[in-house]
Amino acid sequence: MTTSPTTQQGYTDDNRKHLEFLQAAITRMAQASATAKGWTLTVAGAGFSFSSYQRTWYVALITAAVLGAFSLLDCYYLRQERQFRDLYNAARRHQVDTFTMDTTPYHASHTTTRTYMSISILGFYLPLLVVGAIVVTLALT
């Protein structure tokens, strides 16, 4: 195994490139999560508005199911992002092999249930669902 020349702070060029790869993965996961939230707002607004305008409860139910699917997708990306952040910190401290992208050691600390219960997921999707239910209920009565 050849090593790159050591640069400042004890990082080799390979270490720096590894950190850049990890940062790019973290950025992609964060962007995917933000995109899911953006589409959620669009779908929720359209679905709940249409449901209350047409006075159809089943459209609201379908919209709620779609919100549930988006929340699971967002949870997946947030969990991946957190695992890559842990891997980034381990790579920064030289605790993992250079160029590893394996997040398996961090799966236990970031379970799906724990991630789903976070403020980033429930704090966004639950109020949206509650407000949608209130709007549809008021429109139907």
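Residues numbered from 1 in each chain as written. Predicted model: local features only at pLDDT ≥ 70, side-chain atom pairs only at ≥ 80, totals over all residues. Heavy atoms only, no water.

J.: In this structure, what is going on with the confidence of the model for the protein? I would like to understand it.
T.: Detailed reading of the predicted model is not advised wherever pLDDT is low. Summary statistics for the protein give a mean pLDDT of 91 and a share of 94% for residues scoring 70 or more. By mean pLDDT, helix H4 (residues 122-140) is the weakest element of the protein at 92, and helix H2 (residues 57-92) is the strongest at 96. (pLDDT = per-residue confidence, 0-100. Helix = DSSP H or I, 4+ residues; strand = E, 2+ residues; numbered from the N terminus.)

J.: How should I be thinking about the pattern of salt bridges in this particular structure?
T.: Pairing between side chains of opposite charge can happen when their charged atoms approach one another. This structure, assessed with the given rule, holds 3 salt bridges. With a shortest N-O distance of 3.4 Å, Glu20 and Lys17 are connected by a salt bridge. Here Glu20 and its partner Lys17 are both found in helix H1 (residues 13-54), 3 residues apart, which amounts to about one turn of the helix. Among the residues examined, Glu20 registers a relative accessible area of 47% and is labelled partly exposed. You can call Lys17 partly exposed: its relative accessible area is 37%. Two residues, Lys37 and Asp74, come together in a salt bridge whose shortest N-O distance is 2.5 Å. Of this pair, Lys37 sits in helix H1 while Asp74 sits in helix H2; the two residues are 37 residues apart in sequence, bridging distant segments of the chain. (Salt bridge = Lys/Arg side-chain N within 4 Å of Asp/Glu carboxyl O. Buried < 20%, exposed > 50% of the residue type's maximum accessible area, 1.4 Å probe, protein only.)

J.: What exactly am I supposed to notice about the environment of Gly10 here?
T.: Locating Gly10 in the fold gives a position in the segment before H1. Between the C-alpha atom of Gly10 and that of His94, which follows or precedes it by 84 residues, the distance is 9.6 Å. In this structure Gly10 touches Asn15 and His94, once residues within four positions along its chain are discounted. (Contact = heavy atoms within 4.5 Å.)

J.: Just to check I follow, could you spell out the packing of H2 against H4 for this structure?
T.: Their axes nearest at 11 Å, the elements H2 and H4 cross at an angle of 175°. On the basis of the axis angle, H2 is roughly antiparallel to H4. Contacts from Trp57, Ala60, Ala64, Leu67, Phe70, Ser71 and Asp74 in H2 reach Tyr125, Leu128, Leu129, Val136 and Leu140 in H4. Grouping the constituent residues of the contact of H2 with H4 by class yields 10 nonpolar, 1 polar and 1 charged. (Axes fitted to C-alpha atoms, helices over the stretch in contact; angles between N-to-C directions. Parallel < 35°, antiparallel > 145°, perpendicular 65-115°, else oblique. Nonpolar A, V, L, I, M, F, W, Y, C, P; charged D, E, K, R; others polar.)

J.: Would you take a moment to explain H2 for this structure?
T.: The α-helix winds at 3.6 residues per turn, so residues separated by three or four positions along the chain end up facing the same way. With 36 residues, H2 should reach 52 Å at 1.5 Å per residue; the first-to-last C-alpha distance of 52 Å fits that figure. Following H2 by one or two positions, His94 adopts a phi angle in the positive range, close to 60°. (Expected span 1.5 Å × (residues − 1).)

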